[in-house]
Amino acid sequence: MTVRQRNPSKNDREEEEDLSPSKLVPSANSSWDKCIDDEESSSHENGTQQPLVEAFISTTQQEHQKTATPPPPPSALDNFLSFYSTFSYGTFTADQGLKILQWSSWAIAYLTASSSLNSRFKNKHISPSFRHIYNDLSMARYALRFYGFFQSLEGYRSGSWAGGTWENPLIAKIAKYLMCGSMLIYYPLEHVAYAGWQMPKVVRVDANRFSAVSCRYWCAYIVGDFLVSCLKWRELKKKLTEAGQRLLWKKKEDDKDGIITALEEQKTIIKNLRHVKIQVIRCLLFILPAINWSLPNWATDPWLSEPVVNGLMLGEAYTCVYQSIRNICG
């Protein structure tokens, strides 16, 4: 940003003219005594007023500093609300919150279905009520998937699903063609299945069949995500070793700035490595339910029992939210 230079005003030009040699000669209507008196009075006034003004400003600033109180630190509620706003801002994290509610409702419904727990709570409606919430949340999460197609298309076109630039070119290729490509087919099939379940008299399709086919593309995505995470894991471990060697070298050189930079780089790599490890765990929790729901008779003759499938999904839901919280908190 440049400072604009002020152009000479009319008064400035007149003052400059008054300093010309021709104007320094007294005229008939003026005398040197008057000029000297004016200068002395002007200098006397400026000399007495300027210290008073400066003292007044200094005193005012000191009084303001004494009376001004610093803003109070944010309360625990404000910190929570700030964190919650960050977490719930996107549809992805919003779906994570619904996922926690969905599978937790199923867990409560499943645990309270036994006669012993029912007698303890003395309320036979607990299990059916939470089962109803579980089913409603399942359908609500289907509605959120309407956002997924264009997110997948953006990832396919920009390559953003690779999660940055990597030395191994397979990471970007798998993320683009296997992960994004499979989701571009998965989401439309999920929309058809959702419409078939919710509007069976309007959309006359076999919704269970469309859901099974969509889950096969979801399986492809999980496999791609697992491969990408393993490749990232290997590359990050290599970078972490190199960062440790650079840190030792900077310590030997007693390069304080270099040590700080190396420590920050090491911290970033460790954070990314933690994220990748959690992602691998999520893929392992996902794969068996995905295979179960990909089979033709998943609704009538499932391969895995409900406690196994939903228990794995419950574990993945909490793992996913833990991963997001660690990413937000650093």
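For the structure itself, consult the block above.
The present account deals with the structure reproduced in this document. Every value quoted in this text rests on a predicted model; they were computed, and no experiment measured them.

### Here we look at the environment of Phe149
Then step 1. Relative to the helices and strands, Phe149 is located in helix H7 (residues 148-158).
Then step 2. Note on Phe149: relative accessible area 26%, which makes it partly exposed.
Then step 3. Along the chain, Phe149 and Leu184 lie 35 residues apart, while their C-alpha atoms are 5.7 Å from each other.
Then step 4. Not counting residues within four places of it along the chain, the set of residues in contact with Phe149 comprises Leu184, Tyr187 and Pro188.

### Let's talk about the packing of helix H10 (residues 256-294) against helix H11 (residues 306-329)
Then step 1. Where H10 contacts H11, the two axes come as close as 9 Å, and the packing angle between them is 160 degrees. It follows from the interaxial angle that H10 and H11 lie roughly antiparallel. As H10 runs across H11, the sense of the crossing is left-handed.
Then step 2. Here the contact of H10 with H11 is composed, by residue class, of twelve nonpolar, eight polar and five charged.

### Comments concerning a nonpolar patch on the surface
Then step 1. A contiguous nonpolar patch, built from Leu288, Ile291, Leu295 and Trp303 and spanning about 340 Å² of accessible area, is present on the exposed surface.
Then step 2. With respect to the secondary-structure elements, Leu295 resides in the loop between H10 and H11.

### Comments concerning the pattern of salt bridges
Then step 1. Tallied over the full model, the rule gives eight salt bridges.
Then step 2. Via salt bridges that share partners, Lys99, Arg282 and Glu316 belong to a single interconnected network.

### Description of unusual backbone geometry
Then step 1. The backbone of Asp254 shows a phi angle near 55 degrees, a positive value even though the residue is not glycine.
Then step 2. Structurally, the position occupied by Asp254 is in the loop between helix H9 (207-253) and H10.
Then step 3. With a relative accessible area of 55%, Asp254 lands in the exposed category.

### Regarding the environment of Gln198
Then step 1. Turning to its location among the elements, Gln198 is positioned in helix H8 (residues 169-198).
Then step 2. Linking Gln198 and Met139, residues 59 residues apart in sequence, is a C-alpha distance of 8.8 Å.

### Here's the deal with the packing of helix H6 (residues 126-144) against H8
Then step 1. Orientation of H6 relative to H8, taken along the N-to-C sense of each, is 135 degrees, at an axis distance of 10 Å. Comparing their axes, H8 and H6 come out oblique. Considering the relative orientation of H6 and H8, their crossing is left-handed. Counting all contacts with H6, which are made through Met139, Tyr142 and Ala143, the residues of H8 involved are Glu190, Tyr194, Trp197 and Gln198.
Then step 2. Its residues placed into classes, the contact of H6 with H8 shows five nonpolar, one polar and one charged.

### Describing the side chain of Ser214
Then step 1. Looking at the element boundaries, Ser214 is found in helix H9.
Then step 2. A distance of 2.7 Å separates a polar side-chain atom of Ser214 from the backbone oxygen of Ser211.
Then step 3. Discounting residues that sit within four places of it in the chain, Ser214 has contacts with Tyr186, Leu189 and Glu190.

The rules we used
Residues numbered from 1 in each chain as written. Predicted model: local features only at pLDDT ≥ 70, side-chain atom pairs only at ≥ 80, totals over all residues. Heavy atoms only, no water. Helix = DSSP H or I, 4+ residues; strand = E, 2+ residues; numbered from the N terminus. Buried < 20%, exposed > 50% of the residue type's maximum accessible area, 1.4 Å probe, protein only. Contact = heavy atoms within 4.5 Å. Axes fitted to C-alpha atoms, helices over the stretch in contact; angles between N-to-C directions. Parallel < 35°, antiparallel > 145°, perpendicular 65-115°, else oblique. Left-handed = near helix turned anticlockwise from the far one by under 90°. Nonpolar A, V, L, I, M, F, W, Y, C, P; charged D, E, K, R; others polar. Patch = residues over 30% accessible without salt bridge, like charges linked within 9 Å, V, L, I, M, F, W, Y side chains within 5 Å. Areas by Shrake-Rupley, 256 points an atom, 1.4 Å probe, with all protein chains shown as cover. Salt bridge = Lys/Arg side-chain N within 4 Å of Asp/Glu carboxyl O. Polar contact = N/O pair within 3.5 Å; in protein donor to acceptor, adjacent residues only side chain to side chain.

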